[in-house]
Amino acid sequence: MLIVMRHGATADEVQKVISVIEEMGYQATPMPGAQRTAVGLVGNDGRVDASRLEGLPGVQEVIHVSKPYKQVSREWRPESTVVRLAGGVTVGGTEVVAIAGPCSLETERQVLESARIVKEAGAVILRGGAWKPRSSPYSFQGLGRPGLKLLAKAREETGLLICTEAMDPDGVGWVSEMADIVQIGARNMQNFSLLKVAGRCGKPILLKRGISATIVELLLSAEYLLAEGNYDVILCERGVRSFDTMTRNLFDLTAIPVVHKLSHLPIIADPSHGTGLRDKVIPMARAAVAAGADGIMVEVHPNPEEALSDGAQTLYPEQFTQLMREVRIIAEAIGRRVAEPAAVGA
Ligand code: PEP
Ligand code: MN
């Protein structure tokens, strides 16, 4: 429930609303805005009787949020959330961000070369997993903590921001110490205890859609993060499992406008995992930007044939350069622009 205060409501009036919400046994979250101040009521699982709040001085209206993903919904916050990263990079505004890099971090040389390549082509954020959620326990599991050091070095050298996955609560601690964005992977989208830890880590979160998760389930998982006080959440469409084996996943582009309608959170698209096929990544990245994605996440490797994971969906450097050229044109055609790495210096 959202208690919208009148324009010019006093601090005492807002405080009274907060006290009454707390007396009723719920939590109050004041949300000062440019146009109006609202006080959110959270902690309820069902409709709350608003009669005690409606008549309080300074209260303009009470909005019952009909969605189970309350704080994530547009009813709760009509304006789009803009996640602000270091160096002035924003996700969810007019800019379209490119996050690119290898699937797995492998060697220092591979990480630094990847960073130079993706920066040169126009990415602003470097990706790469230090911990990899692999279907087989015998597949390469990642370098672990030493991988984070390589990312730190790449950031120092190139000025790229860093997005990397945490798979467990310890990982959230280590990743949030160094990275600019903590990625929660598809397989962990409904790892609710991990989401709670991530919600308290103090860094923006990239939350990927689960392998067979509905859009509502994705939004409910994001609600776990917001419920812990982390409002810097970026969603990611990365394809869902389907009956068709032609592609690795069914890349659900419709999720982009659907999420934008239901939620104020930004959503980016990952056509690499979405398709699993290198030659499908460029067309689907173009389509995602055209559909309104706030960014793209793409796997790129200096030498994809030698990649220790996901080589088949990983772009060659020159393909990524081409992709960036094309998405710049598409972004401009819809009144947006691709964030340029110059904005992050170095
Ligand atoms: C990844 O981004 O490398 C990854 C493992 O993705 P997902 O969680 O979407 O499978
Ligand atoms: Mn991958």
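What you are looking at is a predicted structure, and each value in this text was computed from that prediction instead of being measured. (Residues numbered from 1 in each chain as written. Chains lettered and ligands numbered in written order. Predicted model: local features only at pLDDT ≥ 70, side-chain atom pairs only at ≥ 80, totals over all residues. Heavy atoms only, no water.)

**Some thoughts on the coordination of the manganese ion (ligand 2)**
- Bound to the manganese ion (ligand 2) are the protein donor atoms C103 (SG), H273 (NE2), E299 (OE) and D310 (OD), situated 2.0 to 2.3 Å from the metal.
- Mapped onto the polypeptide sequence, the residues donating to the manganese ion (ligand 2) form the spacing pattern C-x169-H-x25-E-x10-D. Separated by 26 residues along the polypeptide, H273 in helix α9 (residues 271–275) and E299 in strand β14 (residues 295–299) bring together distant segments of the chain. Neither residue differs from the other here; H273 and E299 are each classed as buried. (Donors = N, O, S within 2.8 Å, 3.2 Å for Na, K, Ca; no water. Helix = DSSP H or I, 4+ residues; strand = E, 2+ residues; numbered from the N terminus. Buried < 20%, exposed > 50% of the residue type's maximum accessible area, 1.4 Å probe, protein only.)

**As for the sheet that holds strand β3 (residues 37–42)**
- A sheet is described by the order of its strands in space; here four strands give the open sequence β2-β3-β1-β4, paired in antiparallel fashion. Bordering the open sheet on either side are β2 (27–32) and β4 (59–63), each of which pairs with just one other strand. Going across the sheet, the axis of each strand differs from the next one's by a mean of 20 degrees, ignoring polarity. (Pairing = 2+ DSSP bridges. Axes fitted to C-alpha atoms, helices over the stretch in contact; angles between N-to-C directions.)

**What about the site of ligand 1?**
- In the region of ligand 1, the neighbouring residues are R127, K132, P133, E165, Q183, G185, A186, R187, K208, R238, H273 and E299.
- Between ligand 1 and A186, the relevant distance is 2.7 Å, taken from an oxygen atom to a main-chain nitrogen or oxygen of the residue.
- Note that an oxygen atom of ligand 1 is positioned 2.9 Å from one of the side-chain N or O atoms of K208.
- Here ligand 1 has 300 Å² of accessible area as a free molecule, and 98% of this is covered by the chains.
- Residues of the shell around ligand 1, tallied by class, amount to two nonpolar, three polar and seven charged. (Near = heavy atom within 4 Å. Polar contact = N/O pair within 3.5 Å; in protein donor to acceptor, adjacent residues only side chain to side chain. Areas by Shrake-Rupley, 256 points an atom, 1.4 Å probe, with all protein chains shown as cover. Nonpolar A, V, L, I, M, F, W, Y, C, P; charged D, E, K, R; others polar.)

**Some points on the pairing of strand β1 (residues 2–5)**
- Burial along β1 is two-sided: the face carrying L2 and V4 and the face carrying I3 and M5 are both buried.
- Relative to β3, β1 is paired through three bridges, and the arrangement is antiparallel. Bridge pairing in β3 links V4 to A38.

**Re the confidence of the model for the protein chain**
- Across the protein chain, the average pLDDT comes to 95, with 99% of residues at 70 or higher.
- Strand β12 (residues 233–237) holds the highest mean pLDDT among the elements of the protein chain, 99, whereas β2 holds the lowest, 89. (pLDDT = per-residue confidence, 0-100.)

**Digging into the packing of aromatic side chains**
- The tally for this structure, following the rule as stated, stands at two aromatic pairs.
- For the ring pair W131 and W174, a centre distance of 5.9 Å and an interplane angle of 15 degrees mean the geometry is stacked. Separated by 43 residues along the polypeptide, W131 in the loop between β8 (125–127) and α4 (145–158) and W174 in helix α5 (residues 169–178) bring together distant segments of the chain.
- For the pair F192 and Y224, a centre-to-centre distance of 4.6 Å together with 25 degrees between the ring planes defines the contact as stacked. In this pair, F192 is assigned in helix α6 (residues 192–199) and Y224 in helix α7 (residues 215–227), connecting sequence segments 32 residues apart.
- For Y224, a relative accessible area of 31% puts it in the partly exposed group. (Phe/Tyr/Trp six-rings, centres within 6.5 Å; stacked < 30°, edge-to-face > 60°.)

**Focus on the pattern of salt bridges**
- Considering all chains together, one arrives at 18 salt bridges under this definition.
- R52 is the salt-bridge partner of E23, the closest N and O atoms lying 2.7 Å from each other. Of this pair, E23 sits in helix α1 (residues 11–23) while R52 sits in helix α2 (residues 51–54), and the two are 29 residues apart along the sequence.
- Classification of E23 by relative accessible area gives exposed; the value is 53%.
- Taking relative accessible area as the criterion, R52 reaches 43% and is therefore assigned partly exposed.
- The salt bridge partner of E228 is R200, with a shortest N-O separation of 3.1 Å. Taken together, the positions of E228 in the loop between α7 and β12 and R200 in the loop between α6 and β11 (205–208) put the pair 28 residues apart, joining distant regions of the chain.
- One network of salt bridges, in which partners are shared, links R209, E237 and D252. (Salt bridge = Lys/Arg side-chain N within 4 Å of Asp/Glu carboxyl O.)

**Things to note about α5**
- Listed as buried for α5 are G171, V172, V175, S176 and M178. With its buried residues spanning 165 degrees around the axis, α5 presents them on a single face. Opposite the buried face of α5, by more than 90 degrees, sit the exposed residues D170 and E177.
- The inward-facing, buried residues of α5 contact α4, β9 (161–165), β10 (181–184) and α6. (Arc of directions from axis to C-beta. Contact = heavy atoms within 4.5 Å.)

**Some details on the side chain of R238**
- Along the polypeptide, R238 turns up in the loop between β12 and α8 (255–262).
- Although R238 is buried, it forms no salt bridge, and the closest oppositely charged side chain is D270 at an N-O distance of 5.7 Å.
- Residues within four places of R238 in sequence aside, it is in contact with A186, R187, K208, R209, I211, N249, D270, H273 and G274. (Lys, Arg positive; Asp, Glu negative; His and termini not counted.)

**Regarding the side chain of S309**
- With respect to the helices and strands, S309 occurs in the loop between β14 and α11 (317–333).
- Of the polar contacts made by the side chain of S309, one reaches the side chain of S104; its length is 2.5 Å.
- With residues up to four places along the chain from it excluded, the contact list for S309 reads C103, S104, E106, K132, R134 and T314.

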